[in-house]
Amino acid sequence: MTALDELVEELVTANRILARENVVDSFGHISARHPDNPQRYLLSRSRAPDCIENDDIMEFALDGTAVDARERAPYLERFIHGALYEARPDVMSVVHNHSESVIPFGVTGRPIKPIFHMGASIGHHVPVWDSHDRFGDTSLLVENMAMGRDLAKLIGAGATALMRGHGATVAARSIRQAVYISIYLEVNVRLQKQALDMGEIKFLTAGEIDKVASRTGSYGINRAWENWCRRAGRPFRPEQV
């Protein structure tokens, strides 16, 4: 297979994993920067993640224009992806989801912080993007590049951001890392809520977060990926795309 074929296969697997791990349901999406043209990215047509097949994957310019739509309807919120690729040359994959455990933290002012070692992947700080601040009353969907760029600006050099009344966005250096962060963001906030119900929390220190992050590479991520592939009924390839 070509590098593009392999990336499409990986993207389909990522969609299935995110669905089976309850990070996305009928809505939400993951993209990848094009392996041959950094000014383009790959993203499925508008379809539930657990249903996505190879032929659903479309190619887009960074402004969200489909290169060859072939009557396939794109996601309305594709601008989240293009804006992040435009702002961050280091970003190779983006996830947008409506992970249920995450949403309450975007509307209560309660910050998300890493509570266990796998949660360190979410970073030191998870900011909250509020579309109302700049765009007033909207449908809460990121429907244009202006909104996407505003969200990308808030994320900055970070890995994650919440979206008030909406969900979360994750930016990463690979598809597998984007999936890894997305899954452990959901797990971390679920555990954080359980711990809050019990009392005060001793969160990871800044130094602990840095040390865990420095040790989280392809070895550990691929171990998790193999497990998630099996649960999603998808073939596992040991090497990163």
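Our structure's up above, just so we're on the same page.
Residues numbered from 1 in each chain as written. Predicted model: local features only at pLDDT ≥ 70, side-chain atom pairs only at ≥ 80, totals over all residues. Heavy atoms only, no water.

Next up on the list: the nonpolar core. If you look at soluble globular proteins, the nonpolar side chains tend to sit buried side by side. If you look at the biggest cluster of nonpolar residues, it comprises 56 residues, and the most contacted ones within it are I17, I30, I175, V179, W225 and W228. In terms of nonpolar packing, the next biggest core, distinct from the first, is built from 9 residues, F105, V126, L162 and A168 among them. (Core = buried A, V, L, I, M, F, W, Y, C linked by side-chain atoms within 4.5 Å. Buried < 20%, exposed > 50% of the residue type's maximum accessible area, 1.4 Å probe, protein only.)

Within the open sheet, the 7 strands sit side by side as β3-β2-β1-β4-β7-β6-β5. Their pairing is mixed. The two strands at the open ends of the sheet, each matched to only one other strand, are β3 (57-61) and β5 (128-129). Inspection of the sheet shows strand β6 (residues 160-163) paired to strand β7 (residues 167-172) by 4 bridges, in the antiparallel sense. Its bridge partner being in β7, M163 is matched across the sheet by G167. The sheet contacts of helix α1 (residues 3-20) involve β1 (29-33), β2 (40-44), β3 and β4 (93-97), and relative to β1 the element is tilted by about 160 degrees. (Pairing = 2+ DSSP bridges. Helix = DSSP H or I, 4+ residues; strand = E, 2+ residues; numbered from the N terminus. Contact = heavy atoms within 4.5 Å. Axes fitted to C-alpha atoms, helices over the stretch in contact; angles between N-to-C directions.)

Below, the discussion takes up the pattern of salt bridges. Side-chain pairs of opposite charge can arise where the charged atoms are in close proximity. All told, the structure shown has 17 salt bridges when counted by the stated rule. Put simply, E9 and R234 hold a salt bridge, and the shortest N to O gap is 3.0 Å. Placement of the pair is E9 in helix α1 and R234 in the segment after α7 (218-232), with a sequence separation of 225 residues. Residue classification places R234 among the buried residues on the basis of a relative accessible area of 14%. D150 is the partner of R134 in a salt bridge, and the nearest nitrogen-oxygen pair spans 3.3 Å. Taken together, the residues span a long stretch of sequence, with R134 in helix α3 (residues 132-135) and D150 in helix α4 (residues 145-155) at a distance of 16 residues. R134 sits in the exposed class, given a relative accessible area of 57%. One salt-bridge network, in which partners are shared between bridges, spans E10, R176 and R237. (Salt bridge = Lys/Arg side-chain N within 4 Å of Asp/Glu carboxyl O.)

Take the environment of A152 next. Along the chain, A152 turns up in helix α4. A152 sits 72 residues away from I80 along the chain, and the two C-alpha atoms are 7.6 Å apart. In this view, A152 contacts A83, L84 and A87; residues no more than four positions away in its chain are not counted.

A separate point is α1. Counted at 1.5 Å a residue, the expected span for α1 with its 18 residues is 26 Å, and the 26 Å between its end C-alpha atoms agrees. For α1, the full list of buried residues reads L7, V8, E10, L11, V12, T13, A14, N15, R16, I17, L18 and A19. Once α1 finishes, N22 follows within two positions and takes phi at roughly 65 degrees, a positive value. (Expected span 1.5 Å × (residues − 1).)

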